[in-house]
Structures are given as structure tokens and as C-alpha cells.
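# Survey of secondary and tertiary structure
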Amino acid sequence: CPNEGVEVFSGCLFLLLSINYKKTSNLTSNRFVWLDDIQDFTAETFRIDKKPDPANWAYKSLYRGDIARYKRRGESCLGIDAKKQCITWDSSASKRKQLQRRPERYFTKNNVKMLNTDGIPVCNKSPSHPAAFIPVFQVETDDPSDTMEVNPLGIYDTSTTVWLQGKEGRIADHEPINSVLMAKVEEHNKKVRENPRDINAWMEFVSFQDELMRGPSPYASKGEQEIRRKSLKLILEKKLAILERAIESNPGNVDLKLARLKLCTEFWEPPALIKEWQKLIFLHPNNPELWKKYLLFCQSQFTTFSVSKINSLYGKCLTTLAAVQDGSMVSHPLLPGTEEAMLAIFIQQCHFLRQAGHSEKAVSLFQALMDFTFFKPDSVKDLPTRGQVEFFEPFWDSGEPRIGEKGARGWKAWMHQQEKGGWVALKPDDDDDDEEIDEDQDIKDKTLPKWHIWLDIEYSREARQWLPWRPDKTKEETEEDCEDPERQVLFDDLGPSLIHLTNPDLQHQLVYSFLQFLGIPCTSKLFPSNLYIAMDENNIFNSVLSDEKPLTSVDFPLSGFNSIGHMDTMLRGRHHIGHYKEGEEFIQNVFHVLFLLFSGKEKSNLSICWLQYEISKVVQCLQAKNKRKLKAQGRKSKKLAKNLLKAPDNRNDLSLWKLYAYLEWLLGNIDDARKVFDTALCTVGTEGLKSPQLCSLSLLYAQLEVELLESIEGAVMSRAAHILTRLAESGPYVPYSGQVLSVNVLKARKTYEHALQDYLSKTLVSDQDQVSDANQLVNLVGCYALFQYLTVGIDAAVLIYKQTSEKLEASGSQKCENTRENFGVQNFPTALEAVTLLHTNLLKFHMKISVYPLNPLREELMEALKRYPSNQSLWRSYIHIQRKSHSASKARRFFDGVTRSTNALEPWLFAIQAEQMRKKLTENVQRADVGEIHSTIPETGLTNRIVALFEHAVQSENGTHCPLLWRMYLNFMASLGKKEKSKGLFYKALQNCPWAKVLYMDAIEYFPDDLQETLDLITEKELRVRVPMEELDLLLEV
């Protein structure tokens, strides 16, 4: 009823009827009126309820129990004007159906189709005549009179009208179906048609096929788009057709043929692919980049792989390129950069043999090329390379000591003496030490499993027997006395790989590559082409002393590469430090020979490398916390450092003094180290900030002193502040007396400021001595920033680093735009990278001793890693600080962005390591035996995330053939206990890295039951097996 304030209860057991107010006044006080209580029942009976219901104010509707229930019949309503009024009935059944239908996600078929289609343009393309409204495209009909018969009311669309007229094939052709894609297709076709010599246009057209296949076909109607299959084979066939058209127009282009071969890998069998590669190499034998790709292809083909085949292929490659270099192959010209590429291929061959277990051949290759390069007789220098090799063979087979062996004189001296009648045999000195050589013939514990004993002996022989076996003439030994014929290296195995190096820089590169191969840290780097396929050691995540000493943490270049004599499994880790006695003597002899070859700066660099090698062994002893080994190693290292400093050329070499003092500091002799530092500072002149070596020495001394501070308060009076102040005064050094004058601090600050400004302005205009200038700038910035940190605070030091980085970045970009000189461009990023490392190390130290926000360090690391994605030190620092973060989403987004923007493999490796660290932390929390655990780390699916990262990484260009990545993946799967999946992954890894012996050794540790099967596989592929199973059985019987 429409009466206001009246509640009507109808259709229930206590139906209230309207009653007369006057007759029932005595009943108005009751809440409810029952039908039986009404005395006079009339048709007009009604009741007014004056008591309000407070629920009507609290809720938006009446209580459902007070509303009458009824069932509606039909959808109409009587009594309404159908022309003016309408009622919409809400059906509960339709609501229930809508609730049961789940909303579709973005990846469903319909939504993907909707996302792939282009939207309708809503703006006018011509800005000169803007439209006042969005136009609606009208469909033009052919003739209205034709459609009146079949569409008199005008309610059918065009396609229906055409069908009713009986006309086929007249569907509206004006509908814009993927006009953007069609325009791109026409544009690419126009480019390659008008300029068929444009290789980049062809390559872009090939890459565009992926984008084209992601969306609907631009040539199909809407119905056909739904049923179109986008198969991988269709994409590959289209790309192949485009490349074949491109090769017809450019028959001499190598890049197009390489792209075609890469596509054909999906279609053809390995033998057919190898034939195509051979045809391509036959047509372009002078292209070293093509040779590199061919070698990697053959090296990674498991079905056709064997060590002897690949080794002979390396020899054939270097022989062919040497003929091109000499001019013997007149049909093909010498391409620029061939000599550098030849050395890169040679080093790649040596690492291939090392990874395959043939260490003796790899060492012999280096020995032969060192003799062939540095000890070449003058009489053969004008001959072609193959002619020189023929003269070199008699020297190699003569039994004369080679580089690294005692009494080595070199090819030149041997040939000169042969012309005079040969050497006079002298009795060798008997100066052998009493130190016993550990033998591995005796098995210490025969109760161990057979596979465990085999790994122990194999590892021991790898560490001891990496030198080539030579008959000892003093003991009247012959070649038949060698127990293992594989330890002898024939000239036929290395003769084809000898090359002629004329560039002095490449000769130095050969020397440092040999030292790195022996495990000696050098500043030189491997060539990028063979960087990742030689990476096989799981030590790139080890931050050496970075937690205890952030400012002076040791960063060994090229971590991730096993040195000769080390072939450790993932679970065991490195067993011993350095080399055994024969190996250390070999290294000592190599340095003695090199000291005779070089002088001046190069000789000083070699001494630095040797002392750095000794320091690296001390650091490894500190990491292993082996005090007995540390004490013995410390004595040997100090003895070597003193002997080097006694040499007349090294007495004033501050770099050696610096390393000797650092060695004493690492050994815990802080007072002795200070004496060495002070002595070195007192003996130098008064060059001050102008001397790069003096700045470097003072910076290390100050950093070591700062690391001893427990707080930044009072640091202005510390020994470190005194060192940096005296450096700026350019006067004779005075040892620390306990105080620093404020006047001297102010003068030093002004001196640093002017010196930095001079150097920054100098780098913009100077093109000479850029390497030394860059090193000096880095040392100067480090000293100035550390001085500001001690005297003012962290903000002042950070300001220095930021200003310098901005200036270097601007100068580097200007250099790239103006000069285009490779030499200059490479050094500015080097200086900027070193300054960034100093900046981050200082922030890490400050956070260690005081309260400081994490965000500045994180932001600086992220900016640096975007610029230098292959810097392992920066990545180690980044994952170290990110492991403390509660949420990993920001780090994951950053890793994802970096991996998309670079081809470097380090972002993938460290992204995987960060997730594994997080998984380990989560498991440690969950396994803690402290009662009920409420995990505060909201992580689920970490295992699947890590597996996905591994899968993406091994599919990348550099990750496919990286043994370290496959070893990490296999180790992770084995740690999950998934044996069958791990075994399948092992064979998948062999398909890409069949030459890596460490993969087979890891598999023996993970799948010990398959020991014989794995050994058979190693033997089939001709990898080196030092302990045959028959010999092991004999040793177990003894």
C-alpha cells in the first residue's frame, strides 16, 4: 500500500488485517495483532503502527523474512502502459549461471586473439586538419533498389544481404584487417626489392617473421585467423626462403650463409650440416670468424665428436690461415685482424685439450709456440710458416730441454750450437729437495665404493701428471719406459698449430695467456670468442675476503676457469692449493726464462704476476683456515718477494714493495707490513700525486689502515689520514706520530681538488699515454675520496665519486662521437669501471662500521651493472646485499632487464645463484629445530623458478656451450633427488659440451651405478682416462 509509515504483513500465518482504529484502540499498544483477537471483522479494517522500526535506518532494505514470497508466472505485468512503461525482471537462475562462469584470463584463446589484433585508430593522421569527432566508417551499398527485396526492413548486415541475393565472394573487402602488419610487410619487401645488396635489410626481414607470426595473418579473413596454425616449421621455412633469395642476390656474403646454416640445424642431420659447413669453409678459407664458428659447431656435435678429429681440425684451421698470412694462398686475400684471430683460435685449442683431459698436449702446444715465437733463429725468419715448422721439428724431437724445464736454452741457441757441432754433455746438479713426492699408487681406504676410489686416483693423477713425460737421459730412460703412452706428445699433434706472430702486443698476449693457463693471475683477459666455452669452474661466486675486508678484497681476474692440474667435481671443490712440487718448479723455470727475454716495464709486470700468484695461494690458505699450510706458504712467499726485491731492476719498484707489504699484512704481521710501507714511502722521491705507483701504494696502505677502524669518529687523526695528507704535500714522507695537523688537512684538500680538476680536463684533450693516465686518475680519485671520507664524512666521498663518474662518462661518450679511435674509447670505460668499484667498496665498508641506508649502494650497483654486465665483482656485491632483502621482486625485475639487454652470461649465472641462495635460506628456516616456525619469507615455487632460469640460460647464445652452466644445472637437479631427470639432463649437456671431462666426472659422482657406462662413453669420445678400470681392479687386489 502507498500509505507512509505503515508496515503491511501479508501472506504469512499471522496475517494482519486492516481494522478500525476507533474500535481497536485498546489493541494499538501491542506489536502484533492476531486475527482471532479482532471482534468486529469488516472489509475496511486497517491498523496504524506508530512504533518505528530502527532496522529501517540501519539497512538498505527490509528484512527478507518480512517480505512475502511468491512465484511469478510469465514475464508480463498487468496494468502498465506497454508503450511508456517497462519492467525488467531479475532472474535468480541467470545470476547463478553468471556466478558459475569464471572470468577468462589474459592467456585464453579469445583474449590472446583480441590482444593480437590492432585497435581502430581514433585520431586523425593529418594533424593539419584535426577532426571534430571520431568518424564512423559507413558501408557503401551498390544499389539500394537491389536490396529492398531481400532486406525490406534494413535489419540485415551486408554479408547477410549479399548471401540472400545469392551472390558469392562479395564480402566487404574494405574492412582493414591488420593494416599495420601489411604495411610493414610491404615496407620490407620494398626495401629488399629496391636495394637487394642491403644485408641489414634482409636480416631485418628475417627477424620480422617472428613478429609477423605472433599476430594473425594479414592476408586472412577473420574466420581463417581463428583456425590458422602458427607452427615453428612454418616460420623456419619462411625465413629459409627469404635467406635463399638474399643469397641469390649476394652470393659472396658470409653472414647470410651463416644465418641459413643456423636455420638448417633444425631440419638437417649432422652429417649433412657438416658437408654444408665444409663447402662454406672451402669457399671462404681466409675468414677467421667463419673458422671460429665452424670449430665450435664441430666441437659441439656429440654424434660425430672425438678429440682427435677436433684437434686435427684446429691444426687444419691454423695451417690454412697461416698460408693466407704468408701469401701462399694467392686465391684469397688476407683479411684484417687475422693474426689476432689466429692467436685466439690457438688459445681456444689449448683450453679445449685441457678440458678434454689432455693436459700434456695443451702444455706442449704452449711450450712449442713460445719457443717458435721468442727463440726463432735469424736464418729461418724469412721462410714461410710451414718452412719454419719443418726446421723446428728436429729441435723438438732432439730431447733438448724446453721452456719450463731445467736447463732450457731455446731453439735459437740449439740450432746455433748444432752448426758448431752440438752440445757438450754436462753432469746435472744434484740439488733435489728432500721433500717426498706423494704417490697415488697406494689406495688409502679400500672400503670406499669403487667409484669413489676411481675419482680419488683420477683427480690425483690430473694434479700430478699434467706435464709431458720426457725420458731422463741421466737415468738412461727411453720412450719405452713410459708407463702411460698418452703422456708423451708427438710433434704431429702440435706441428700444424704453430703460427707466426709478428705483433709485439700479441706476443705479450701469448705470454700472459700461458701464465693464466698455469693458474697465475694476470691483468690480461682471454679473447671474448672463447671466453664462455672455457668457463668450467664454480668459483665465480666466491667473494674472497670481501666480508672481512671490503676495501681491499682480492679480486682475481678470470675466475671461473680451471687452471691446469685442477679438475674438481662440483661437490668436492678444490683439493689442494697451487701445484705439487714438479708443477711449482715448472712455473719457476718459466719465469726465469721470461726474465731473460724481457726487460724494463714488461719484466716488472712479470715479477708482479709471480708475486700475485704467491699472494693468491696465501689467500686460499686463509679461506681454507689451514694454519699449518698458511705458515709454510707464508715462508715460501716471503722468500720469493725478498729475492725479487734484491734484483737491481726491482729495488725501486713500488709495485713490488706494495705487494710485499700486502703479503705481510695478510699473514698477520701488521707491524712488519707498516715498516715495509714506511720504508717504501721514505725511499721514493717527492713526486707526490704525480706518481701513479706512489698513489697506488699510499691508497692500499690507507685502505688497510681504514679497515682496522671500528668507527669513523676520530678518523681525522688516524694513520690513514696521515698517509693521505703526506701524499698530497709532495714532500719527504714522515712516519705517523699520532696526530694530524688541521692546517695540513686543509692544504691537502685543496691540493687534491686541483689535481683532480687538472686530470679530468687533461683526459678530455690528451690522447697519449692514456693507459697510465687512466690508472693515475683512478688512484687519485681513490685517495681523494678516502681522504674526504676520513676528514669530512661519507657524503663528501660519495660526491667525489659521482662527479668523477659523470665527467668520465661524458668524456667517454664525447670520445666515441668525435674520434672513433678504438684505443682511446676502451680506456675510459676501464677507468670508469675501476672508479665504480672503489665507490661501491667504500659504501660496503661504511655500512659495515656504521648505520647507513642500503638504497644508495643498491642504486649504484644497479647503474654500474647496466653499464658493465660482465663484471663479476659488482655482481657478487649485488647478490650479497640482495640476500638480506625480504622481497626479491625488485632484484628479479632487474635481472630480467639486464639479461634482455646484453649477451653476457654473468647476469644469468648470478640470477640463478641469487635464487639458489634464497632457496637455501628458506629451507634453513623451515628445517630449524626450534619448535613451531612461522616463515616470514613469502616464497613459493622457487624450484620451478630456478629451473626456468636454467632453461632460458642454456638456450642463450653464450650459455649453450658453457660447461659451468650445465654443471650448475646438473648439480641443482641432482640436489633435488630427481635421478631420472638428472640423468636426462646429463645427456642433454653432452649434446652441447661433449668435450668437458668435468661433466663426466660430475655424472660419476651423481650416478655411481653407471660408472662403467660413463667410462665407456669417455673412452669412445677419446677423452683422457688416467685410471683404466683394469688398472683399478689390479690396485684393489693388491
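If you look the protein up in an unreviewed UniProt entry, it shows as NRDE-2, necessary for RNA interference, domain containing from Athene cunicularia. Reading the Sequence similarities (unreviewed entry) entry of the UniProt record for the protein gives the comment "Belongs to the NRDE2 family." Per UniProt, the comment on the protein under Subcellular location (unreviewed entry) is "Nucleus".

## What about the pattern of salt bridges?
For the coordinates displayed, the defined rule picks out 34 salt bridges. The residue Arg354 makes a salt bridge to Asp536 at a minimum N-O spacing of 3.1 Å. In this pair, Arg354 sits in helix α14 (residues 338-355) while Asp536 sits in the loop between α19 (504-517) and α20 (581-597), placing the two residues 182 residues apart along the sequence. Neither residue differs from the other here; Arg354 and Asp536 are each classed as buried. Residue Asp484 is joined to Arg1024 by a salt bridge in which the shortest nitrogen-to-oxygen separation is 2.8 Å. Here Arg1024 lies in the loop between α39 (1011-1020) and α40 (1029-1037) and Asp484 lies in the loop between α18 (450-464) and α19, a separation of 540 residues in the sequence.

## Focus: the packing of α18 against helix α38 (residues 997-1006)
Between α18 and α38, the least distance of the axes is 10 Å, while the angle of their chain directions is 155°. The orientation of α18 with respect to α38, classified from their angle, is roughly antiparallel. Regarding α18 and α38, the two cross each other, and that crossing is left-handed. On α38, the residues that touch Trp451, Trp454, Leu455, Glu458 and Glu462 of α18 are Lys997, Met1001, Ile1004 and Glu1005. Split into classes, the residues belonging to the contact of α18 with α38 amount to 5 nonpolar, no polar and 4 charged.

## Observations concerning unusual backbone geometry
Glycine aside, residues mostly have negative phi, and peptide bonds are mostly found in the trans state. The phi torsion at Lys625 lies on the positive side, around 55°, for a residue other than glycine. Its location among the elements puts Lys625 in the loop between α21 (601-624) and α22 (627-646). Phi at Glu1022 is positive, roughly 65°, even though this residue is not glycine. The residue Glu1022 is located in the loop between α39 and α40 in this model.

## Looking at the packing of aromatic side chains
Counted by the stated rule, this structure contains 40 aromatic pairs. Look at Phe372 and Phe392: their rings are 5.7 Å apart centre to centre, the planes differ by 85°, and that puts the pair in the edge-to-face class. A residue pair is termed long-range when its members are at least 10 positions apart, and Phe372 in helix α15 (residues 359-374) and Phe392 in helix α16 (residues 385-397) qualify at 20 residues. Here Phe372 matches Phe392 in class, with each residue buried.

## Looking at the environment of Val511
Relative to the elements of secondary structure, Val511 occurs in helix α19. Sequence separation between Val511 and Phe366 is 145 residues, and the spatial gap between their C-alpha atoms is 9.0 Å.

## A closer look at the side chain of Gln788
Checked against the element boundaries, Gln788 lands in helix α28 (residues 770-791). Sequence-distant contacts of Gln788, defined by excluding residues within four places in its chain, comprise Arg749, Gly793, Ala796, Ala797 and Ile800.

## Quick look at a nonpolar patch on the surface
On the surface, Leu153, Ile155, Tyr156, Trp163 and Leu164 cluster together into a nonpolar patch covering about 620 Å² of accessible area. Structurally, the position occupied by Trp163 is in helix α5 (residues 158-164). For Trp163, a relative accessible area of 65% corresponds to the exposed category.

## What to know about a negative patch on the surface
On the surface, Glu390, Glu393, Asp397, Glu479, Glu480, Asp481 and Asp492 cluster together into a patch of negative charge. Note that Asp492 resides in the loop between α18 and α19. For Asp492, a relative accessible area of 62% corresponds to the exposed category.

Definitions and cut-offs
- Residues numbered from 1 in each chain as written.
- Predicted model: local features only at pLDDT ≥ 70, side-chain atom pairs only at ≥ 80, totals over all residues.
- Heavy atoms only, no water.
- UniProt positions renumbered as here; feature names shortened; annotations may be inferred.
- Salt bridge = Lys/Arg side-chain N within 4 Å of Asp/Glu carboxyl O.
- Helix = DSSP H or I, 4+ residues; strand = E, 2+ residues; numbered from the N terminus.
- Buried < 20%, exposed > 50% of the residue type's maximum accessible area, 1.4 Å probe, protein only.
- Axes fitted to C-alpha atoms, helices over the stretch in contact; angles between N-to-C directions.
- Parallel < 35°, antiparallel > 145°, perpendicular 65-115°, else oblique.
- Left-handed = near helix turned anticlockwise from the far one by under 90°.
- Contact = heavy atoms within 4.5 Å.
- Nonpolar A, V, L, I, M, F, W, Y, C, P; charged D, E, K, R; others polar.
- Phe/Tyr/Trp six-rings, centres within 6.5 Å; stacked < 30°, edge-to-face > 60°.
- Patch = residues over 30% accessible without salt bridge, like charges linked within 9 Å, V, L, I, M, F, W, Y side chains within 5 Å.
- Areas by Shrake-Rupley, 256 points an atom, 1.4 Å probe, with all protein chains shown as cover.
- Lys, Arg positive; Asp, Glu negative; His and termini not counted.
- Charge placed at Lys NZ, Arg CZ, Asp CG, Glu CD.

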